[in-house]
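Close look at the chain arrangement
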Amino acid sequence: MPTETTAPLKPIAAESVAWTEWADVPRFAVRYRHLTRALLGDDYKIGVAIEELAPGRQSAPAHYHIFEEEHVYSLEGGVTLGVGEGGHAMKAGDYACFPAGQRAEHCLINTGDAPCRYVIIGERNPNEVVVYPDSNKVLVRAVDGTILDLGARRGYWHGEDTGLPQGVAPPAEDAHAPAPTPVAAKPPIAAAQAEIEPTHGSDKPGSKFGGAARHLTYAALGRNDFRVGVMIESPAPGRRLAPLHYHMVEEEHALILEGEVTLLLGDERHAMKPGDYVCFPAGRKIGHSFLNSGQGPCRYLMIGTRDPNDVCVYPHSNKMAVSALRTERCVFDMGGLRGYWDGEDEG
């Protein structure tokens, strides 16, 4: 994790990122713009991409992830979220989440007559294991992306020279135990179903802060144990939702959906429009905040990893929030520095 101040990452327009085609076979074909890789290369915790699916095409074979969490936010057109034997129609503004380890197979299918686009968000884990129930396969990324037949299970001592006398079998193991029963995935939600949360300053005339937010992930799952959160944030005209800040542990990403937004990035100002994207790697010591610089509404997807041990720094007010303390009052004045032995009885 970087610990020194480095040059800030400038926002990019999604349309400036070249499409990458994935079309090994006719039925499964998609093209995508990997926004995070365009800014960070392969050094990221979560990836954000825009995918486009042509009519009649499927994004990937139905699958589920053991270690990676996955999220989808529909941008335009209609797409069907295939889950198990069923499916759910998704339209622009709809959202779905697939927690890691949830044995709910899923894929996206364009059953319409026009291309559809959506944001795909996922964790990046070098040890990921992906299961494909329809074809009874499992992909093991840590072993060169090896794909195995789930029907080829073996006992632990199978094929080993155990030293046991001829004809004596090792302790019995059930190598053919049935796989755990898949569970039903949570259906997608419309963004409007997520509760509107007024933010600090909204009820104070003249405040620099105020607006609203909708927490899509919490609304979709109905619980608070996710690792990546996806929100729609909407500062009021002329206002921001948060002071300038940076995270030491959590990674953040933003994709503009509507309106005129100005990114405050240290001492810099960057105008952003719908389709523009920026990310903030953990430990990069440059404060950021988003201002609604227009006269009307603005909306952007705010995507972030969620770590209970995060440290958040507010450079303009010289404060630090230490979440690991697990207390309500965890924000400190950074001017209150102490030496290791200060206040101790040194004898």
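This write-up is about the structure you can find in this document. (Residues numbered from 1 in each chain as written. Predicted model: local features only at pLDDT ≥ 70, side-chain atom pairs only at ≥ 80, totals over all residues. Heavy atoms only, no water.)

Notes on the overall build of the protein chain
Within the protein chain one finds two helices and 28 strands. For the protein chain, the spread of C-alpha atoms along the three principal axes comes to 80 × 75 × 35 Å. Contacts spanning at least 24 positions in sequence make up 65% of the contacts within the protein chain whose residues lie at least 6 apart. A distance of 5 Å separates the average location of the 33 positive side-chain charges in the protein chain from that of its 46 negative side-chain charges. (Helix = DSSP H or I, 4+ residues; strand = E, 2+ residues; numbered from the N terminus. Contact = heavy atoms within 4.5 Å. Lys, Arg positive; Asp, Glu negative; His and termini not counted. Charge placed at Lys NZ, Arg CZ, Asp CG, Glu CD.)

Comments concerning the pattern of salt bridges
Inspection of every chain in the model, using the stated rule, returns nine salt bridges. Note that Lys91 is salt-bridged to Asp94, the shortest N-O span being 3.3 Å. Counted as one network, the salt bridges with shared partners bring together Arg31, Glu52 and Arg117. (Salt bridge = Lys/Arg side-chain N within 4 Å of Asp/Glu carboxyl O.)

Thoughts on the nonpolar core
Counting residues in hydrophobic clusters, the biggest one holds 32 residues, and the most contacted among them are Leu216 and Leu301. Discounting residues that sit within four places of it in the chain, Leu301 has contacts with Tyr73, Val119, Leu216, Val230, Met231, Ile232, His253, Ala254, Leu255 and Leu257. Core analysis: the next-biggest nonpolar cluster, separate from the first, contains 16 residues, Val72, Val83, Cys116 and Tyr118 among them. (Core = buried A, V, L, I, M, F, W, Y, C linked by side-chain atoms within 4.5 Å. Buried < 20%, exposed > 50% of the residue type's maximum accessible area, 1.4 Å probe, protein only.)

Focus: the layout of surface pockets
What the largest pocket holds in volume is close to 1,100 Å³. Lining the largest pocket we find 36 residues, and of these Glu51, His65, Glu70, Ile120 and Arg141 sit closest to its centre. Looking at the lining of the largest pocket, the elements that each hand over two or more residues are strand 3 (30-34), strand 4 (46-53), strand 6 (70-76), strand 10 (106-109), strand 11 (116-123), strand 12 (129-132) and strand 13 (137-140). Per-element accounting of the lining of the largest pocket gives the leading share, five residues, to strand 11. Split into classes, the residues belonging to the lining of the largest pocket amount to 20 nonpolar, seven polar and nine charged. A volume near 950 Å³ is recorded for the second largest pocket. What lines the second largest pocket is a set of 28 residues, among which Met231, Glu233, His245, His247 and Glu252 lie closest to the centre. Where the lining of the second largest pocket is concerned, the elements lending two or more residues are strand 17 (211-215), strand 18 (228-235), strand 24 (288-292), strand 25 (299-305) and strand 26 (311-314). Per-element accounting of the lining of the second largest pocket gives the leading share, five residues, to strand 25. Its residues assigned to classes, the lining of the second largest pocket comprises 13 nonpolar, nine polar and six charged. (1 Å grid on protein atoms, 1.4 Å probe; cavity = no way out; pocket = protein on both sides within 12 Å on 5 of 7 lines; lining within 4 Å. Points joined across faces, edges and corners; volume = space filled by probe spheres on them. Nonpolar A, V, L, I, M, F, W, Y, C, P; charged D, E, K, R; others polar.)

Focus on a negative patch on the surface
On the surface, a cluster of negative charge is made up of Asp342, Glu344, Asp345 and Glu346. Its location among the elements puts Asp342 in the segment after strand 28 (331-333). The exposure class assigned to Asp342 is partly exposed, which follows from its relative accessible area of 47%. (Patch = residues over 30% accessible without salt bridge, like charges linked within 9 Å, V, L, I, M, F, W, Y side chains within 5 Å. Areas by Shrake-Rupley, 256 points an atom, 1.4 Å probe, with all protein chains shown as cover.)

Examining the packing of aromatic side chains
Throughout the structure, instances matching the rule amount to four aromatic pairs. With centroids separated by 6.1 Å and ring planes inclined at 65°, the aromatic side chains of Phe280 and Phe290 adopt a geometry described as edge-to-face. You can see Phe280 sitting in strand 23 (residues 276-280) and its partner Phe290 sitting in strand 24, a full 10 residues away along the chain. Phe290 shares its class with Phe280; the two are buried. Between Tyr340 and Trp341 the ring centres are 5.0 Å apart and the planes differ by 90°, which places this aromatic pair in the edge-to-face class. Through a chain of ring-to-ring contacts, three or more aromatic side chains come together here, namely Phe280, Phe290 and Tyr300. Over the face of the ring belonging to Tyr132 we find Lys137, whose NZ or CZ atom lies 5.5 Å from the ring centre. Above the ring of Phe226, the side-chain terminus of Arg306 is found at 4.7 Å from the ring centroid. (Phe/Tyr/Trp six-rings, centres within 6.5 Å; stacked < 30°, edge-to-face > 60°. Lys NZ or Arg CZ within 6 Å of the ring centre and 35° of its normal.)

Here's the deal with the sheet that holds strand 22 (residues 268-272)
Strand order in the open sheet formed by three strands is 22-21-24, and the pairing between neighbours is antiparallel. In the strand order of this sheet, the two ends are held by strand 22 and strand 24, each with one partner. Here the average twist between neighbouring strands, direction ignored, is 25°. As judged from the five bridges shared by strand 21 (residues 261-265) and strand 22, these two strands associate in the antiparallel manner. (Pairing = 2+ DSSP bridges. Axes fitted to C-alpha atoms, helices over the stretch in contact; angles between N-to-C directions.)

What about the pairing of strand 9 (residues 94-98)?
Most of strand 9 is tucked away, with five of its five residues classed as buried. In the sheet, strand 6 pairs with strand 9 via four bridges, with the strands oriented antiparallel. Along strand 9, the bridge assignment pairs Tyr73 with Tyr95. Where strand 9 meets strand 15 (residues 189-190), two bridges bridge the pair, whose relative direction is antiparallel. Counterpart to Tyr95 in the pairing with strand 15 is Ile189.

Some remarks on the sheet that holds strand 14 (residues 146-149)
If you trace the four strands from one edge of the open sheet to the other, you get 5-12-13-14, paired in antiparallel fashion. Here the strands that pair on one side only, and so sit at the sheet edges, are strand 5 (64-65) and strand 14. Here four bridges tie strand 12 to strand 13, and the two strands are oriented antiparallel to one another. Within the sheet, the bridge partner assigned to Val129 lies in strand 13 and is Val140.

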